[in-house]
Amino acid sequence: PTPCVESSFYSPLAKNSKLWRITCDGKEKIWTGGDNNLIRQIDRRGSTLKTIDTKGNALALSVSSKQELVFFVGWETTKAHRYDGNDITTFLEVSHWYLRGLCHTAEGNILVSMRSKNFSQSRVIQISGKTVALFTKILTINYARKRKLTILFLFTKILTKYLRVKSVVTLRQF
């Protein structure tokens, strides 16, 4: 099937700014993050509804079914944050890992992928509830013993089990 455009949003970013991340907040609003140290919630007309000064570039954004935004800032970060509409709080802080991605599961839990600071391992954890104490390690990959195909298979398994994704398309670069 040919892809079609369901809706378009206007970006409030300046001409020389780059849009790096977006996530939907219902049908009428999205959150955006770029290279300007701000996360913005905008409506369909491009009007800014909320602005969060992140003191760094947001590299991951996700919104729960309760419209709670989670994000992290910068590639060498060890902290993930939660924005409830009023306040920003840190909900995850790790010591020997850099955060690489995050998303919400169909059940409302948060999956966070991370890489060890020495780049020898990657890990995915699932966080349940409001506290960091309630997390389970889903997957750890030791790069010395695994190949890329195995890593792809395991992440595909995570997508289908925890996010209820029906199919996964991968692109290979030749």
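To keep things clear, this report deals only with the structure shown in the data block. (Residues numbered from 1 in each chain as written. Predicted model: local features only at pLDDT ≥ 70, side-chain atom pairs only at ≥ 80, totals over all residues. Heavy atoms only, no water.)

Quick look at the pairing of strand 1 (residues 19–25)
Consideration 1: Note: strand 1 against strand 2 (residues 29–34), six bridges, orientation antiparallel. Paired with arginine 21 across the two strands is glycine 33, which belongs to strand 2.
Consideration 2: Following strand 1, the chain reverses through three residues before pairing antiparallel with strand 2; glycine 26 in that reversal takes a positive phi of roughly 85°. (Pairing = 2+ DSSP bridges. Helix = DSSP H or I, 4+ residues; strand = E, 2+ residues; numbered from the N terminus.)

Points about the sheet that holds strand 6 (residues 69–73)
Consideration 1: The strand order 5-6-7-8 describes an open sheet built from four strands, whose pairing is antiparallel. Edge positions in the sheet fall to strand 5 (58–63) and strand 8 (88–93), since each has one partner strand and no second. Adjacent strand axes in the sheet meet at a mean angle of 25°, parallel and antiparallel pairs treated alike.
Consideration 2: The sheet contact formed by strand 5 and strand 6 spans five bridges and is antiparallel. Note on strand 6: the bridge partner recorded for valine 63 is leucine 69. (Axes fitted to C-alpha atoms, helices over the stretch in contact; angles between N-to-C directions.)

Considering the sheet that holds strand 1
Consideration 1: Pairing is antiparallel in the open sheet, where four strands are placed in the order 1-2-3-4. Strands at the two margins of the open sheet, each flanked by one partner only, are strand 1 and strand 4 (48–53). Going across the sheet, the axis of each strand differs from the next one's by a mean of 20°, ignoring polarity.
Consideration 2: Here five bridges tie strand 3 (residues 38–43) to strand 4, and the two strands are oriented antiparallel to one another.

Observations regarding the pairing of strand 8
Consideration 1: The pairing of strand 7 (residues 79–83) with strand 8 spans five bridges and is classified as antiparallel. Bridge pairing in strand 8 links arginine 82 to threonine 89.

Here's the deal with the packing of aromatic side chains
Consideration 1: One pass over the full model with this rule turns up three aromatic pairs.
Consideration 2: Taken together, a centroid distance of 5.9 Å and an interplanar angle of 80° make the contact between tryptophan 31 and tyrosine 83 edge-to-face. Residue tryptophan 31 is found in strand 2, and its partner tyrosine 83 is found in strand 7; the two are separated by 52 residues along the sequence.
Consideration 3: Looking at tyrosine 83, the relative accessible area reads 10%, which means it is buried. (Phe/Tyr/Trp six-rings, centres within 6.5 Å; stacked < 30°, edge-to-face > 60°. Buried < 20%, exposed > 50% of the residue type's maximum accessible area, 1.4 Å probe, protein only.)

Considering the environment of alanine 80
Consideration 1: As for its position among the elements, alanine 80 is in strand 7.
Consideration 2: Residues alanine 80 and leucine 102 lie 22 residues apart in sequence; the distance between their C-alpha atoms is 8.9 Å.
Consideration 3: Excluding residues within four positions of it along the chain, alanine 80 makes contact with Phe71, Phe72, Thr89, Thr90, Phe91, Leu92, Leu99 and Leu102. (Contact = heavy atoms within 4.5 Å.)

Describing the environment of threonine 23
Consideration 1: The residue threonine 23 is located in strand 1 in this model.
Consideration 2: Relative accessible area serves as the criterion here: at 14%, threonine 23 is assigned to the buried category.

Describing the nonpolar core
Consideration 1: In this structure, Phe91, Leu92, Leu99, Leu102, Val112, Met114 and Ile127 are the most contacted members of the largest nonpolar core, which totals 16 residues.
Consideration 2: Sorting the residues of this core by element identifies strand 5, strand 6, strand 8, strand 9 (97–104), strand 10 (110–116) and strand 11 (121–127) as the ones contributing at least two each.
Consideration 3: Counting residues in hydrophobic clusters, the runner-up holds 10 residues, among them Ile39, Ala58, Phe71 and Val73. (Core = buried A, V, L, I, M, F, W, Y, C linked by side-chain atoms within 4.5 Å.)

Thoughts on the pattern of salt bridges
Consideration 1: Tallied over the full model, the rule gives two salt bridges.
Consideration 2: Between lysine 55 and aspartate 53 there is a salt bridge, with its nearest N and O atoms 3.8 Å apart.
Consideration 3: Accessibility expressed as a relative area gives 68% for lysine 55, which makes it exposed.
Consideration 4: Aspartate 53 sits in the partly exposed class, given a relative accessible area of 46%. (Salt bridge = Lys/Arg side-chain N within 4 Å of Asp/Glu carboxyl O.)

Overview of the side chain of glutamine 41
Consideration 1: Examined against the element boundaries, glutamine 41 turns out to sit in strand 3.
Consideration 2: Of the polar contacts made by the side chain of glutamine 41, one reaches the side chain of aspartate 25; its length is 2.7 Å.
Consideration 3: Apart from residues lying up to four places away in sequence, glutamine 41 is in contact with Asp25, Lys29, Ile30, Trp31, Ser47, Thr48, Leu49 and Lys50. (Polar contact = N/O pair within 3.5 Å; in protein donor to acceptor, adjacent residues only side chain to side chain.)

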